[in-house]
Amino acid sequence: QAQLVESGGGLVQAGGSLRLSCAVSGIDFRVLIMGWYRQHPGKQREFVAQSISSHRSNYADSVKGRFTISRDNAKKTVYLQMNNLTPEDTGVYYCKATWGTSDKWGQGTQVTVSS
């Protein structure tokens, strides 16, 4: 069965960078629409980025120009490169896979950005 495992979170100072990884197993990675979401303390989970294909992606306005979502088909992994981080980027980041009418969430990885 499909399983998603996020990694790469941590503590970073404002202006720094992190790269999150989401390793996928149990399903053909190539058929998946992949997305990243985050949940800031006291707020609802929000959309961050989506990879529809290797050359088609969408981003939330708040991260556009700073974050990049990408795929590595050989490693069955989706990445979220986060640059110029701000304290507002703090939260638990979740990876999501969608195929057909089904979806699967990862367990989340904590990102904390200090000022």
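Residues numbered from 1 in each chain as written. Predicted model: local features only at pLDDT ≥ 70, side-chain atom pairs only at ≥ 80, totals over all residues. Heavy atoms only, no water.

What follows concerns the packing of aromatic side chains. Under the definition given, this model contains three aromatic pairs. With a centroid separation of 5.7 Å and 75° between ring planes, the pair formed by Tyr37 and Phe47 is classed as edge-to-face. One end of the pair, Tyr37, is in strand β4 (residues 33–39); the other, Phe47, is in strand β5 (residues 46–53), with 10 residues separating them in the sequence. Under the relative-accessibility criterion, Phe47 is labelled partly exposed at 29%. Centroid distance Tyr94 to Trp105: 6.5 Å. Interplanar angle 85°. Geometry classified as edge-to-face. Placement of the pair is Tyr94 in strand β9 (residues 91–99) and Trp105 in strand β10 (residues 102–105), with a sequence separation of 11 residues. (Phe/Tyr/Trp six-rings, centres within 6.5 Å; stacked < 30°, edge-to-face > 60°. Helix = DSSP H or I, 4+ residues; strand = E, 2+ residues; numbered from the N terminus. Buried < 20%, exposed > 50% of the residue type's maximum accessible area, 1.4 Å probe, protein only.)

This part takes up the pattern of salt bridges. With the rule as written, the count across this model stands at four salt bridges. For Lys64, the salt bridge identified is with Asp61, shortest N-O distance 3.5 Å. Here the two residues Lys64 and Asp61 agree in accessibility, since each one is exposed. Across the salt bridge formed by Arg66 and Asp89, the nearest N and O atoms sit 2.8 Å from each other. Residue Arg66 is found in the loop between β6 (56–59) and β7 (67–72), and its partner Asp89 is found in the loop between β8 (77–82) and β9; the two are separated by 23 residues along the sequence. Note on accessibility: Arg66 and Asp89 belong to one class, buried. (Salt bridge = Lys/Arg side-chain N within 4 Å of Asp/Glu carboxyl O.)

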